[in-house]
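What follows is the residue order along each chain.
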Amino acid sequence: MNKIIQVQNVSQQFMTASGPFLALDRVSFDIAEGETISLIGHSGCGKSTLLNLIAGLTLPSSGGLLCDNKEIAGPGPERAVVFQNHSLLPWLTARENVALAVETVFKGSKTKAEMREWTEHNLERVQMGHAMDKRPDEISGGMKQRVGIARALAMSPRVLLMDEPFGALDALTRAHLQDAVMQIQARLNTTLVLITHDVDEAVLLSDRVLMMTNGPAATVGEILEIDLPRPRNRVALADNPRYHQLRQQILQFLYEKQPATA
Ligand SMILES: Nc1ncnc2c1ncn2[C@@H]1O[C@H](COP(=O)(O)OP(=O)(O)OP(=O)(O)O)[C@@H](O)[C@H]1O
């Protein structure tokens, strides 16, 4: 197994007005190349803190993180992030938003025509080919989220980090995008790390679910292996007893072993 990400004894402390606050306490786990991992846990347990550390947006108070055996000392194009609120530049069209990321990564290695084609290809991958020239205020929330995903995919990251990427979407759009991400992941063998509050989403998408204990001083409580064959089909899974067992194990962790404190 090629370990693409290694999280080694990572703690994260924040300075707050009322003193130091230990958000994460000695978190350790590895992620294999091509694996899909979900982080699940109650609100405020430290999921985004952990994702930001893998993204290199923040550095740990102690411990270390490696990507491909090299220390994560900042953000890098091999680790793209999709945020819940899509974070598109409002004055640029969908095409321009994606093109900006493409230029950052491929300027010098692709020609202008190739970069344009690659931008369009990635928008088409998420079914946004028809609305490439619209600005964020002219498209729906689900469409904005798709542009955010296209932008991340266009960077050809080895690791795609997603902070509740489907959280704000209606159920149909959410299902559609989950399927699209699963298909793209299977084709490109991208490593996916996904924060979710949705137990069904965690089981459907993941190879392993990392269940986090409540904070402060949160850590990985249990790791659940999702041994359901791929490709996975949400309709077929509804009749699969193993699917319901796995779902139940996550619910037990969240509501019996680690009930919400707030
Ligand atoms: N920059 C910061 N300064 C102080 N405290 C912080 C900071 N960032 C996060 N925290 C605290 O660390 C804890 C973990 O926050 P984090 O956002 O990682 O949780 P989360 O699991 O992603 O929550 P949610 O599911 O609600 O998004 C929380 O108690 C939060 O208040």
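Only a predicted model underlies this, so the values are computations on that prediction, with no experimental measurement involved. Numbers given for residues are sequential positions, taken from 1 along each chain in its written order. Where totals are concerned, whole chains, interfaces and linings use all residues; where local detail is concerned, this predicted model gives features only for residues with pLDDT of at least 70, and gives and counts side-chain atom pairs only at 80 or more. Remark: hydrogens and water are excluded; side-chain values derive from all non-hydrogen atoms of the structure.

A look at the packing of helix 3 (residues 112-125) against helix 4 (residues 141-154)
Here comes step 1: In this analysis an axis means a line fitted to C-alpha atoms, helices contributing only their contacting stretch, and an angle means the value between N-to-C directions, from 0 to 180 degrees. Every helix listed is a DSSP run of H or I at least four residues long, and every strand listed is a run of E at least two residues long, numbered separately from the N terminus. Packing of helix 3 against helix 4 leaves a shortest axis separation of 8 Å and a crossing angle of 135°. As far as their axial angle goes, helix 4 and helix 3 are oblique. Here the hand of the crossing between helix 3 and helix 4 comes out right-handed. Along its contact with helix 3, which presents Trp118, Asn122, Leu123 and Arg125, the element helix 4 presents Val147, Ala150, Leu153 and Ala154. Angles are sorted into four bins: roughly parallel if under 35 degrees, roughly antiparallel if over 145, roughly perpendicular if 65 to 115, and oblique for all others. For a crossing to be left-handed, the near helix must be turned anticlockwise from the far one by less than a right angle; the clockwise case is right-handed. Contact definition: two residues touch when any of their heavy atoms are within 4.5 Å.

Topic: the sheet that holds strand 1 (residues 3-16)
Here comes step 1: Strands pair, by our definition, only if DSSP identifies at least two bridges between them. Taken together, the 4 strands give an open sheet; going across it, the order is 2-1-4-5, and neighbouring strands pair in antiparallel fashion. Two strands in the sheet have a free side with no partner beyond their single neighbour: strand 2 (19-32) and strand 5 (70-71).

What to know about unusual backbone geometry
Here comes step 1: A cis amide bond, omega -10°, links Gly215 with the succeeding residue Pro216.
Here comes step 2: Examined against the element boundaries, Pro216 turns out to sit in the loop between strand 9 (208-212) and strand 10 (220-225).
Here comes step 3: Cis geometry marks the peptide bond from Arg230 to Pro231; its omega dihedral reads -5°.
Here comes step 4: Tracing the backbone through its elements, the reader meets Pro231 in the loop between strand 10 and helix 7 (234-237).
Here comes step 5: Although it is not a glycine, Asn189 sits at a positive phi angle of roughly 55°.
Here comes step 6: With respect to the helices, strands and loops of the structure, Asn189 is situated in the loop between helix 5 (171-188) and strand 8 (191-195).

A closer look at the domain arrangement of the protein chain
Here comes step 1: Segmenting the protein chain into domains produces domain 1 (1-78 + 158-261) and domain 2 (84-156).
Here comes step 2: Domain delimitation follows an automatic or database domain assignment. One C-alpha centre belongs to domain 1, the other to domain 2, and the line joining them spans 25 Å.
Here comes step 3: Defined in terms of a 1.4 Å probe, buried area is the accessible area two parts forfeit on being brought together, summed over both. For the pairing of domain 1 and domain 2, the buried interface totals around 1200 Å² over both sides, and the portion due to carbon and sulfur atoms is 68%.
Here comes step 4: It is Pro77, Leu177 and Ile184 in domain 1 that bury the most area against domain 2; as a group they hold 32% of the surface buried on that side.

Quick look at the site of the ligand
Here comes step 1: Taken together, 13 residues are adjacent to the ligand, and Ser43, Gly44, Lys47, Ser48 and Thr49 come closest.
Here comes step 2: With respect to the ligand, the side chain of Ser43 contributes an N or O atom lying 2.6 Å from an oxygen atom.
Here comes step 3: Surface exposure here means Shrake-Rupley accessible area, sampled with a 1.4 Å probe, where a residue is shielded only by the protein chains that are shown. The fraction of the free accessible surface of the ligand (640 Å²) that becomes covered by protein chains is 62%.
Here comes step 4: Elements that contribute at least two residues to the shell around the ligand include exactly strand 1, strand 2 and helix 1 (47-55).
Here comes step 5: The element best represented in the shell around the ligand is helix 1, accounting for 3 residues.
Here comes step 6: For the shell around the ligand, a count of residues per class yields 4 nonpolar, 8 polar and 1 charged. Throughout, the term near means that a residue has one or more heavy atoms lying within 4 Å of the molecule or strand in question. N or O atoms closer than or at 3.5 Å make up a polar contact, with two conditions inside protein: a donor-capable atom paired with an acceptor-capable one, and, for residues adjacent in sequence, both atoms drawn from side chains. Under the convention adopted here, Pro, Cys and the residues Ala, Val, Leu, Ile, Met, Phe, Trp and Tyr are nonpolar, Asp, Glu, Lys and Arg are charged, and Gly plus all remaining residues are polar.

Comments concerning helix 5
Here comes step 1: With 18 residues, helix 5 should cover 26 Å at 1.5 Å per step; its first-to-last C-alpha distance of 26 Å lies within 8% of that length.
Here comes step 2: When helix 5 is considered as a whole, its buried residues turn out to be Thr173, Arg174, Ala175, Leu177, Gln178, Ala180, Val181, Met182, Ile184 and Gln185.
Here comes step 3: The N-terminus of helix 5 is capped by Asp170, whose side-chain oxygen sits 3.2 Å from the backbone nitrogen of Leu172.
Here comes step 4: One or two positions beyond helix 5, positive phi appears at Asn189, with a value near 55°. For a helix, the expected span equals 1.5 Å multiplied by the residue count minus one. Using a 1.4 Å probe on the protein chains alone, a residue whose accessible area is under 20% of its type maximum counts as buried, one over 50% counts as exposed, and one in between counts as partly exposed.

Focus on the nonpolar core
Here comes step 1: Nonpolar cores are built from buried Ala, Val, Leu, Ile, Met, Phe, Trp, Tyr and Cys residues. Side-chain atoms within 4.5 Å join them into one set. If you look at the biggest cluster of nonpolar residues, it comprises 49 residues, and the most contacted ones within it are Ile149, Met162, Phe166 and Ile250.
Here comes step 2: In terms of residue count, the dominant contributor to this core is helix 4 (7 residues).
Here comes step 3: Of the residues that make up this core, three or more belong to each of domain 1 (1-78 + 158-261) and domain 2 (84-156).
Here comes step 4: When near neighbours in sequence (up to four residues on either side) are disregarded, Met162 contacts Leu51, Val82, Ile149, Val181, Leu192, Val193, Leu194 and Ile195.

Topic: the pattern of salt bridges
Here comes step 1: Think of a salt bridge as a Lys or Arg side-chain nitrogen and an Asp or Glu carboxyl oxygen that are within 4 Å of each other. Under the defined criterion, the tally for this structure stands at 17 salt bridges.
Here comes step 2: In this structure, Arg26 and Asp25 form a salt bridge, with 3.0 Å as the shortest nitrogen-oxygen distance.
Here comes step 3: A relative accessible area of 19% places Asp25 in the buried class.
Here comes step 4: Arg95 is paired through a salt bridge with Glu120; the nearest N and O atoms lie 2.4 Å apart. Residue Arg95 is found in helix 2 (residues 94-106), and its partner Glu120 is found in helix 3; the two are separated by 25 residues along the sequence.
Here comes step 5: When salt bridges that share partners are traced, they join Arg95, Arg116, Glu120 and Asp133 into one network.

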